[in-house]
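Structure at a glance
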Amino acid sequence: MLKKRIKNWHVPHGQELTDLDKRILDFQNRGELVPTRRLIKTPEQIEGIRRSGVVNTGVLDLLEKEIHAGMSTAEIDRLVYDYTTGHGAIPAPLNYEGFPKSVCTSINEVVCHGIPSEDEILEEGDIINIDVSTILDGYFSDASRMFIIGKTSPRKEKLVKVAKECLDVGASAARPWGFVGDIGKAIAQHAHKHGFSVVRDLCGHGVGLEFHEDPEVDHYNTHRKGMLLVPGMVFTIEPMINMGDWQVFIDEEDGWTVVTEDELPSAQWEHTFLMTENGLEILSH
Ligand code: MF3
Ligand code: CO
């Protein structure tokens, strides 16, 4: 069967080719997956996403100061809502595909998309991911951090540390005019070296004009190149690293909460990045 190639890059008929067109068409003509124009942000769009990212990082900095044992995840949700709206922005998760709260709070064996609740109280030894996403003037940003409540076990502490290292090695592997596939390959190698596994069912993503755009950024080794990385692209890297096996399931009760199959802990860190001529720049952390 004749394989259908995805031809994302179009130059309107009769229009002269720029250097950027030529460079991208060269990859496309060799059969590589290239971005659409919409995925390469203009300087004005980058400034908008950057400002959104400053508010988003501000939320996480606030939570870092306020988080403590005995606090409910609903209190975290209120802090996120108040800070975000107080800065003229909107929490992106709120009502996103029916998500009921302003932030995702994911404790221990919860991998991601945990829903804040009055009944869920942070306890000494918990590890929690707080995933914050912001819309400012129509521009989206997205980042998450792990927080350790008091003192936890050496093994959970190591999981949190290695998950952050996975984000960092993934980011270092992303090169302008390289490929998305380089990222997951580097992350998986680092996670496996420490005896941990990488969740496969969720990925990083383009972000900026929408909450979730192309490309999909897998955090494991798919053995595929994935999309070409062109300066001006904005995307997240957000590896979810498991202490045990990589398999996960979605809680049927709420339709959101992602939990490890073996109920062992999971950790995740996420930044929003801009690809530049010299590699990645952080827009929100
Ligand atoms: N913030 C998540 C991400 O990193 C998406 C959460 S969707 C929500 O992509 F609806 F659960 F908020
Ligand atoms: Co994200």
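We now turn to the structure provided with this report.

1. Some thoughts on the overall build of the protein
- Secondary structure assignment for the protein yields five helices and 15 strands.
- Scaling as 2.2 N^0.38, a compact globule of 285 residues should have a C-alpha radius of gyration of about 19 Å, and the protein matches this with 19 Å.
- Counting only C-alpha atoms and orienting by the principal axes, one finds that the protein spans roughly 65 × 45 × 35 Å.
- Out of the 285 residues belonging to the protein, those deemed buried represent 55%.
- Of the contacts made within the protein by residues no fewer than 6 positions apart, 70% connect residues no fewer than 24 positions apart.

2. What to know about the site of ligand 1
- Taken together, the neighbourhood of ligand 1 is formed by 14 residues, with Asp131, His205, His212, Glu238 and Glu270 sitting nearest.
- Contact distances for ligand 1 include 2.8 Å between an oxygen atom and a side-chain N or O atom of His212.
- Interatomic distance of 3.1 Å between a side-chain N/O atom of Glu270 and an oxygen atom of ligand 1.
- Within the complex, 96% of the 330 Å² of free accessible area of ligand 1 lies under protein.
- Considering only residue class, the shell around ligand 1 consists of six nonpolar, four polar and four charged.

3. What about the nonpolar core?
- Judged by nonpolar contacts, the single largest core of 41 residues is most densely connected at Ile183, Leu229, Phe235, Ile237 and Ile241.
- Looking at this core element by element, the count peaks at seven residues for helix α4 (residues 154-173).
- With 16 residues, the next largest nonpolar core counts Ile76, Val80, Val103 and Ile107 among its residues.

4. Observations regarding the coordination of the cobalt ion (ligand 2)
- The protein atoms donating to the cobalt ion (ligand 2) are Asp142 (OD), His205 (NE2), Glu238 (OE) and Glu270 (OE), with metal-donor distances spanning 2.1 to 2.2 Å.
- In primary sequence terms, the donor set of the cobalt ion (ligand 2) follows D-x62-H-x32-E-x31-E. Taken as a pair, His205 in strand β7 (residues 204-206) and Glu270 in the loop between β13 (266-268) and β14 (271-276) lie far apart in primary sequence, 65 residues in all. Of the two residues, His205 and Glu270, neither departs from the other in class, the shared state being buried.

5. Observations concerning the environment of Leu62
- With respect to the element layout, Leu62 can be found in helix α2 (residues 43-66).
- Owing to a relative accessible area of 18%, Leu62 belongs among the buried residues under this scheme.
- A C-alpha to C-alpha distance of 33 Å links Leu62 and Asp182, two positions 120 residues apart in sequence.
- Excluding residues that lie within four positions of it along the chain, Leu62 makes contacts with Leu79 and Tyr83.

6. Let's talk about the packing of α4 against helix α5 (residues 181-193)
- At their nearest, the axes of α4 and α5 sit 8 Å apart, and the two run at 145° to each other. α5 is crossed by α4, and the crossing has right-handed handedness. Touching Val162, Glu165, Cys166, Val169, Gly170 and Ala173 of α4 are Asp182, Ile183, Ala186, Ile187, His190 and Ala191, all from α5.
- Taken together, the residues of the contact of α4 with α5 break down into eight nonpolar, two polar and two charged.

7. Things to note about the sheet that holds strand β12 (residues 258-260)
- If you trace the three strands from one edge of the open sheet to the other, you get β3-β12-β11, paired in antiparallel fashion. Whereas interior strands pair on both sides, the edge strands pair on one side only; in this sheet they are β3 (110-112) and β11 (248-250). On average, adjacent strands in this sheet sit at an angle of 40° to one another, irrespective of strand direction.
- Bridge count for β3 against β12 is two bridges, and the pairing is antiparallel. Opposite Val110, over in β12, you have Val259 as the bridge partner.

8. Observations regarding the side chain of Ser133
- Assignment of secondary structure puts Ser133 in strand β4 (residues 127-136).
- Polar side-chain contacts of Ser133 include one of 3.0 Å to the side chain of Asp142.

9. Re the packing of aromatic side chains
- Inspection of every chain in the model, using the stated rule, returns five aromatic pairs.
- Measuring from ring centre to ring centre gives 6.1 Å for Phe27 and Trp177, while their planes differ by 15°; the resulting arrangement is stacked. Placement of Phe27 in helix α1 (residues 19-29) and of Trp177 in the loop between α4 and α5 is noted, with a sequence separation of 150 residues between them.
- The exposure class of Phe27 is buried, given its relative accessible area of 13%.
- Between Phe99 and Trp256 the ring centres are 5.0 Å apart and the planes differ by 90°, which places this aromatic pair in the edge-to-face class. Placement of Phe99 in the loop between β1 (90-91) and β2 (104-107) and of Trp256 in the loop between β11 and β12 is noted, with a sequence separation of 157 residues between them.
- Classification of Phe99 by relative accessible area gives buried; the value is 2%.
- Taking relative accessible area as the criterion, Trp256 reaches 18% and is therefore assigned buried.
- Of the aromatic side chains, those joined through ring pairs into one cluster are Phe27, Trp177 and Phe179.

Scoring rules and cut-offs
- Residues numbered from 1 in each chain as written.
- Chains lettered and ligands numbered in written order.
- Predicted model: local features only at pLDDT ≥ 70, side-chain atom pairs only at ≥ 80, totals over all residues.
- Heavy atoms only, no water.
- Helix = DSSP H or I, 4+ residues; strand = E, 2+ residues; numbered from the N terminus.
- Rg over C-alpha atoms; globule rule 2.2 N^0.38 Å.
- Buried < 20%, exposed > 50% of the residue type's maximum accessible area, 1.4 Å probe, protein only.
- Contact = heavy atoms within 4.5 Å.
- Near = heavy atom within 4 Å.
- Polar contact = N/O pair within 3.5 Å; in protein donor to acceptor, adjacent residues only side chain to side chain.
- Areas by Shrake-Rupley, 256 points an atom, 1.4 Å probe, with all protein chains shown as cover.
- Nonpolar A, V, L, I, M, F, W, Y, C, P; charged D, E, K, R; others polar.
- Core = buried A, V, L, I, M, F, W, Y, C linked by side-chain atoms within 4.5 Å.
- Donors = N, O, S within 2.8 Å, 3.2 Å for Na, K, Ca; no water.
- Axes fitted to C-alpha atoms, helices over the stretch in contact; angles between N-to-C directions.
- Left-handed = near helix turned anticlockwise from the far one by under 90°.
- Pairing = 2+ DSSP bridges.
- Phe/Tyr/Trp six-rings, centres within 6.5 Å; stacked < 30°, edge-to-face > 60°.

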